[in-house]
Amino acid sequence: MKEKELEYYRNIFLANNRYIFISDSKLSNTLYLYSAYVSYIYFEEIKKNNYTEELKEIKSHTIFIYLWSIIEAVIYYYVNNKLLDEKSKRKYLELLEYKKLQKIEETDDLYICKLISKDIKLNDSINFHSLINWLNDKKLIDKKIIKKIDYFRKMRNLIHINAFLVSNEYKLIEEIEKAFIDTKDILDYIEENL
């Protein structure tokens, strides 16, 4: 990779103020770098080189992983900024779950349970699929945008070889343009709603 080309793509995103809505400068700088890297891979490697379909597919995986990282970071930032006070955070970061107390002997999979309240922490250790479901349940993000975010979760999971082997549904190289459009839609929504 040539540093000059990476900087070229970074400057495009900077000129367009893509992440101007992110006040955390460390996060914003990283988002600009990741976005530049995605563009570099797509335009300088996939588009300009005569790679085999297999190599294009692997490069596409890399693009999806980086796009996913961008979306994930922006979603965490969004939620942390939407829930400004501790009361709101406690309200939204509370899950109700059942705790098994006792198994009923005569039946399979039947238990005596009690409903308990559990606080979750909004950080990178939370399962992102759970966070997507939670955002949907709490209506913090529009359903159309939730679907686009979940699309990235599915695409990102194809990096796992077992998931990739069982999924004949997607060729990632054919999904990239849709991914760029969806990424823009997600980022525009977050920017407009912060």
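Scroll up to find the structure.
Quick caveat: nothing in here was measured; it's all calculated off a predicted structure. (Residues numbered from 1 in each chain as written. Predicted model: local features only at pLDDT ≥ 70, side-chain atom pairs only at ≥ 80, totals over all residues. Heavy atoms only, no water.)

Draft legend 1. Here's a closer look at the overall build of the protein chain. When helices and strands are tallied, the protein chain shows 8 helices and 2 strands. Listing the helices and strands of the protein chain from first to last along the sequence gives α-α-α-α-β-β-α-α-α-α. Out of the 194 residues in the protein chain, the part that is buried amounts to 37%. For the protein chain, the share of sequence-separated contacts (at least 6 apart) that also reach a separation of at least 24 residues comes to 65%. Roughly 12400 Å² of accessible area belongs to the protein chain as shown, and the carbon and sulfur atoms make up 50% of that amount. (Helix = DSSP H or I, 4+ residues; strand = E, 2+ residues; numbered from the N terminus. Buried < 20%, exposed > 50% of the residue type's maximum accessible area, 1.4 Å probe, protein only. Contact = heavy atoms within 4.5 Å. Areas by Shrake-Rupley, 256 points an atom, 1.4 Å probe, with all protein chains shown as cover.)

Draft legend 2. Highlighting the nonpolar core. Counting residues in hydrophobic clusters, the biggest one holds 49 residues, and the most contacted among them are Ile75, Leu135, Ile141, Ile149, Phe152 and Ile190. If one sorts the elements of this core by residue count, helix H3 (residues 53-82) sits on top with 12 residues. With residues near it in sequence (within four places) discarded, Phe152 still touches Phe64, Leu67, Trp68, Ile71, Ala179, Asp182, Thr183 and Ile186. (Core = buried A, V, L, I, M, F, W, Y, C linked by side-chain atoms within 4.5 Å.)

By themselves, these are just geometric observations and shouldn't be taken as functional.
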